[in-house]
Amino acid sequence: MSKKNKITSVDVARRAGVSQSAVSRAFSRVPTQSGVSDKTRKRIMQAAGELGYRPNALARSLITQKSKIVALLFSYLDNQFYALALEKLCLELQGQGYHALVFMIPATDEGVDDIVSELLEYQVDGIITASVELSSSLCEFCSVQNVPVVMFNRVQDDDRLSSITTDNVTGGRMAAKHFLETGHRKIALMAGWQRASTSRDREFGFRAELRTQGVELFDFVVGHFHLGETRQASRALMNRPEAKRPDAVFAVNDYMALEAMSSIRSELKLRIPEDVSIMGFDDIPLAAMPEFSLTTLRQPINQMVSNAVRLMIEAIDNADPVPEKLALTPTLIKRGSTRT
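Structural notes, computed from the coordinates.

Each value, and the rule that gives it
Along each chain, numbering runs from 1 in the same order as the chain's sequence is written. Totals for whole chains, interfaces and linings use all residues, but because this is a predicted model, local features are given only for residues with pLDDT of at least 70 and pairs of side-chain atoms are given and counted only at 80 or more. In computing side-chain values, all of the structure's heavy atoms are included and hydrogens and water are not. Here a helix means four or more residues in a row that DSSP labels H or I, a strand means two or more in a row labelled E, and each is numbered from the N terminus. One fewer than the residue count of a helix, multiplied by 1.5 Å, yields its expected span. Buried residues are those whose accessible area, probed at 1.4 Å on protein chains only, stays under 20% of the maximum for their type, while exposed residues exceed 50% and partly exposed ones sit between those limits. The directions from the helix axis to the C-beta atoms form the arc being described. At least two bridges found by DSSP between two strands is the condition for calling them paired. Every angle, taken between N-to-C directions, lies between 0 and 180 degrees, and every axis is a line fitted to C-alpha atoms, over only the stretch in contact when it is a helix. The contact definition used throughout considers only heavy atoms, calling two residues in contact when any of these lie within 4.5 Å. The handedness rule is simple: strands pointing away from the viewer, and a clockwise path from the first strand over the helix to the second, make the crossover right-handed. For Phe, Tyr and Trp, rings pair up if their centres lie within 6.5 Å, where Trp contributes its six-membered ring, and each pair is then called stacked (planes under 30 degrees apart), edge-to-face (over 60) or tilted (otherwise). Lysine and arginine charges are scored as sitting over a ring when NZ or CZ, respectively, is within 6 Å of the ring centre and within 35 degrees of the ring normal. Any pair of nitrogen or oxygen atoms within 3.5 Å is treated as a polar contact; in protein, a donor-acceptor pairing is required on top of that, and neighbouring residues in sequence qualify only through side-chain atoms on both sides. Definition used in this section: a nonpolar core is a set of buried Ala, Val, Leu, Ile, Met, Phe, Trp, Tyr and Cys residues joined via side-chain atoms within 4.5 Å. Angles are sorted into four bins: roughly parallel if under 35 degrees, roughly antiparallel if over 145, roughly perpendicular if 65 to 115, and oblique for all others. By the definition used in this description, the sense in which the near helix is turned from the far one sets the handedness, with an anticlockwise turn below a right angle giving left-handed and a clockwise turn giving right-handed. Polar here means any residue outside two lists: the nonpolar Ala, Val, Leu, Ile, Met, Phe, Trp, Tyr, Cys and Pro, and the charged Asp, Glu, Lys and Arg; Gly therefore counts as polar.

With respect to helix α3 (residues 38-51)
In this model, α3 (14 residues) spans 20 Å end to end at C-alpha, consistent with the 20 Å of a helix rising 1.5 Å per residue. Every buried residue belonging to α3 is among Thr 40, Arg 41, Ile 44, Ala 47 and Ala 48, and all of these are buried. Projected down its long axis, α3 carries its buried residues within an arc of 125°, all on one side. Exposed and facing more than 90 degrees away from the buried side of α3 are Asp 38, Lys 39, Lys 42 and Gly 49. Positive phi appears at Gly 52, one or two residues downstream of α3, with a value of about 75°.

Details of the sheet that holds strand β3 (residues 126-130)
If you walk across this open sheet you meet the 6 strands as β2-β1-β3-β4-β5-β11, and the pairing is parallel. Here the strands that pair on one side only, and so sit at the sheet edges, are β2 (99-104) and β11 (325-328). Each strand of the sheet is rotated relative to its neighbour by a mean of 15°, with strand direction disregarded. Bridging between strand β5 (residues 162-166) and β11 involves 4 bridges; their strand directions are parallel. Residue Thr 165 lies in a different strand from β11, and its bridge partner there is Ala 327. Packed on one face of the sheet, helix α5 (residues 80-95) meets β1 (69-74), β2, β3 and β4 (149-152) and runs near 175° to β1.

Focus: the pairing of β1
Counting buried residues in β1 gives 5 out of 6 residues, a clear majority hidden from the surface. Strand direction decides the pairing type here: β1 and β2, joined by 6 bridges, are parallel. Within the sheet, the bridge partner assigned to Val 70 lies in β2 and is Ala 100. The parallel pair β1 and β2, bridged by α5, forms a crossover whose chirality is right-handed. With 5 bridges joining them, β1 and β3 adopt parallel strand pairing.

Observations regarding the packing of aromatic side chains
All told, the structure shown has 6 aromatic pairs when counted by the stated rule. With a centroid separation of 6.3 Å and 85° between ring planes, the pair formed by Phe 74 and Tyr 82 is classed as edge-to-face. Assigned by exposure class, Phe 74 and Tyr 82 land together as buried. Pairing Phe 103 with Tyr 122 gives two aromatic rings, centres 6.0 Å apart and planes at 65°, and the pair type is edge-to-face. Highlighted residues: Phe 103 in strand β2 and Tyr 122 in the loop between α6 (112-120) and β3, separated in sequence by 19 residues. Through a chain of ring-to-ring contacts, three or more aromatic side chains come together here, namely Phe 74, Tyr 76, Phe 81, Tyr 82 and Phe 152. For the cation-ring pair, Arg 202 lies above Phe 281, with the distance from its terminal atom to the ring centre recorded as 3.8 Å. Just above the ring of Phe 220 sits the side chain of Arg 207; from NZ or CZ to the centre is 5.0 Å.

Observations regarding the sheet that holds strand β8 (residues 248-251)
With mixed pairing, 6 strands are arranged side by side in an open sheet as β7-β6-β8-β9-β10-β12. Sheet topology places β7 (219-222) and β12 (331-333) at the edges, where each strand pairs with a single neighbour. Between one strand axis and the next, the sheet turns through 20° on average, direction left out of account. The strands touched by helix α8 (residues 168-181) within the sheet are β6 (187-191), β8, β9 (277-282), β10 (295-298) and β12, with β9 carrying the most contacts at an inclination of about 160°.

Let's talk about the side chain of Thr 296
Mapped onto the fold, Thr 296 is located in strand β10. A relative accessible area of 0% places Thr 296 in the buried class. In this structure the side chain of Thr 296 is engaged in a polar contact, spanning 2.7 Å, whose partner is the side chain of Asp 254. Engagement of the side chain of Thr 296 in a polar contact is seen with the backbone nitrogen of Phe 281, the distance being 3.1 Å.

Section: the nonpolar core
With 69 residues, the main nonpolar core has Leu 72, Phe 152, Phe 206, Phe 250 and Ile 278 as its most contacted residues. Among the elements that line this core, the one with the most residues is helix α12 (residues 301-317), at 9 residues. In this view, Phe 250 contacts Gly 172, Ala 175, Phe 179, Ala 188, Leu 189, Met 190, Arg 202, Phe 206, Met 279, Gly 280 and Phe 281; residues no more than four positions away in its chain are not counted. By size, the runner-up hydrophobic cluster in this structure holds 20 residues, among which are Ile 105, Val 132, Cys 139 and Val 149.

Structural notes on the environment of Asp 201
Along the chain, Asp 201 turns up in helix α9 (residues 197-212). On the basis of relative accessible area, Asp 201 is assigned to the partly exposed category, the value being 24%. Between the C-alpha atoms of Asp 201 and Leu 89, which are 112 residues apart in sequence, the distance is 24 Å. In contact with Asp 201, other than residues within four places in its own chain, are Val 155, Asn 168 and Val 169.

Digging into the packing of helix α10 (residues 227-238) against helix α11 (residues 254-266)
The angle between the axes and the distance between the axes are what describe a pair of packed helices. For the pair α10 and α11, interaxial distance at closest approach is 9 Å and the crossing angle is 55°. Taken together, α10 and α11 sit at an angle that is classed as oblique. Handedness of the α10/α11 crossing: right-handed. Along its contact with α10, which presents Leu 227, Thr 230, Arg 231, Ser 234, Arg 235 and Met 238, the element α11 presents Tyr 255, Met 256, Glu 259, Ala 260, Ser 263 and Ile 264. Tallied by class, the residues present in the contact of α10 with α11 amount to 6 nonpolar, 3 polar and 3 charged.

These results come straight from atomic positions and should not be treated as a statement about function.
Written out as structure tokens, the structure reads:
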């Protein structure tokens, strides 16, 4: 059939003997909220099938003023935690009748404002940022445009933004306490990208617990959440005489911890945990593999995802939403990379 004679919802309504609005509601992405009985929906779907009708999402958005699209901002997917988060966020949004539009941001956060300005042209209903922080001017722009923003695994000091994170300060304290309880005293810290709230907060909690216990941090290096720099940092820490190297290293995420383990074993020929204990943060699937058996702090990723989507939909559905900042407690997962 030519585009000139394209089948519309009016044609379906006429064939099924119902109103055009009933057809629109029958094709709602959340059928339980459509108010159309199963009997009527079946008749509408039969008529639509006979006519070859497919709903037009763009036309629907012009009527409802909602695109049912949420933008997801990620800066990198090398870290398995964020790859999993992206998959789970997309599925959770789809389960709530929304779809995701994914935008990638450079790892340095350069050009974030330009990219967000571009994505707003797609009339998205909201933005979930993961591993990305926004400028105050951009937050103001989104607020004026009534586009809600939810931060995932990041937090920043702006009352207009909702956020969902793990309690990273508490997690840092838990890491330090575990090392101290297992007899370590020459304890080192490997930080990530210093502008990331996750790295800053985990470092803060780790240092605070050491001070509380009267133990001085033995050494400090930065891996910048980057494999090459993590290898260099690992060599800087461990390529020394035994008396001058740490007996425990806390890397602020698993991505760096696993790379540190590989470097320490393959390049420096040291044993884990006999020569040095290693701990990470996230509990990505690779951490549980026998060749790593990484002790780590588990982020409750499923709860984080469900809360992020809940916060987003509540903000979309309410004219004057009240932002929330949630921090969930991590769980210490003890495995073979630390001494018992």
